[in-house]
Amino acid sequence: MKKHMLLTVMMIACGLLLAAGGCKTKLPAGDVDICRNFAPEIATLKDPNLSSSSLDKYNAAYVIAENVDFSYLRDTKSMEAIFGEKDATVGSFEGNDYILYTYKFKNKSIQFRFSIDGTTIINASIKKGE
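Only a predicted model underlies this, so the values are computations on that prediction, with no experimental measurement involved.

*Asks:* How should the packing of aromatic side chains be read in this particular structure?
*Replies:* Aromatic ring pairs are reported here in terms of the distance separating the ring centres and the angle at which the planes meet. Here the structure, examined in full by the defined rule, presents 9 aromatic pairs. Here the aromatic cluster, defined as three or more aromatic residues joined through ring pairs, consists of Phe 70, Phe 83, Tyr 101, Tyr 103, Phe 112 and Phe 114. Seen from the ring of Tyr 98, Arg 113 lies directly overhead, with NZ or CZ sitting 4.4 Å from the centre.

Structure follows, in structure tokens:
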């Protein structure tokens, strides 16, 4: 009986470890691993020779959107480390300044919106459209 109980407890523990290990977690924006882990995607987003409406930029933006948590982003320097200047749209709405990065391909789009105050990011959001 003890063997069965021990085996059951061990199986439950292994199941919980597998479940926890299989959960996808996003890296917080500003993490030093982002530039290393997503170097090809960042290089694509920063490439001034590619259009923001290209498949390459859309795919790179999709990978970044799925793997980076921008809710932790607090400064524009970290944002600029990921996105290229060419794709930025700067504006103001209801007294709040913002920076938009929009990547489109055919009928799909991904938009990164950063509300800013000087060099401080107040709010970040990602909007995906199909």
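There is more to say after this.
*Asks:* Explain the nonpolar core here, please?
*Replies:* Judged by nonpolar contacts, the single largest core of 24 residues is most densely connected at Ile 64, Phe 70, Phe 83, Phe 112 and Phe 114. Only α3 (39–46), α4 (55–67), β4 (96–105) and β5 (108–117) provide two or more residues apiece to this core. The element contributing the most residues to this core is α4, with 5 residues. Other than its neighbours up to four places away in sequence, Phe 112 contacts Ala 61, Ile 64, Ala 65, Phe 70, Phe 83, Ile 99, Leu 100, Tyr 101, Tyr 103, Ser 125 and Ile 126.

*Asks:* Would you explain the packing of α3 against α4 in this entry?
*Replies:* Each pair of packed helices can be summarised by the angle the axes make with each other and by the distance between the axes. Axis separation between α3 and α4 bottoms out at 9 Å; the angle between their running directions is 130°. As far as their axial angle goes, α4 and α3 are oblique. For α3 against α4, the interelement crossing comes out left-handed. Contacts from Glu 41, Ile 42, Thr 44 and Leu 45 of α3 reach α4 at Asp 56, Lys 57, Ala 60, Ala 61, Val 63 and Ile 64.

*Asks:* Explain the environment of Ser 52 here, please?
*Replies:* Checked against the element boundaries, Ser 52 lands in the loop between α3 and α4. For the pair Ser 52 and Asp 87, spaced 35 residues apart in sequence, the C-alpha to C-alpha distance is 6.3 Å. Sequence-distant contacts of Ser 52, defined by excluding residues within four places in its chain, comprise Lys 57, Asp 87, Thr 102, Tyr 103 and Lys 104.

*Asks:* How should the pairing of β4 be read in this particular structure?
*Replies:* Successive residues of a regular strand alternate their side chains across the two faces of the sheet. Where strand β3 (residues 88–93) and β4 come together, 6 bridges link them in antiparallel fashion. The residue of β4 that forms the bridge with Gly 91 is Tyr 98. Count of turn residues in the β3/β4 antiparallel hairpin: 2 residues, of which Glu 94 carries a positive phi of about 50°. In this structure, β4 lies alongside β5, joined through 9 bridges in antiparallel fashion. Residue pairing across strands places Thr 102 opposite Gln 111, the latter belonging to β5. Hairpin connection of β4 to β5: 2 residues between the antiparallel strands, including Lys 106 at a positive phi of 55°.

Analysis parameters
Residues numbered from 1 in each chain as written. Predicted model: local features only at pLDDT ≥ 70, side-chain atom pairs only at ≥ 80, totals over all residues. Heavy atoms only, no water. Phe/Tyr/Trp six-rings, centres within 6.5 Å; stacked < 30°, edge-to-face > 60°. Lys NZ or Arg CZ within 6 Å of the ring centre and 35° of its normal. Core = buried A, V, L, I, M, F, W, Y, C linked by side-chain atoms within 4.5 Å. Buried < 20%, exposed > 50% of the residue type's maximum accessible area, 1.4 Å probe, protein only. Helix = DSSP H or I, 4+ residues; strand = E, 2+ residues; numbered from the N terminus. Contact = heavy atoms within 4.5 Å. Axes fitted to C-alpha atoms, helices over the stretch in contact; angles between N-to-C directions. Parallel < 35°, antiparallel > 145°, perpendicular 65-115°, else oblique. Left-handed = near helix turned anticlockwise from the far one by under 90°. Pairing = 2+ DSSP bridges.

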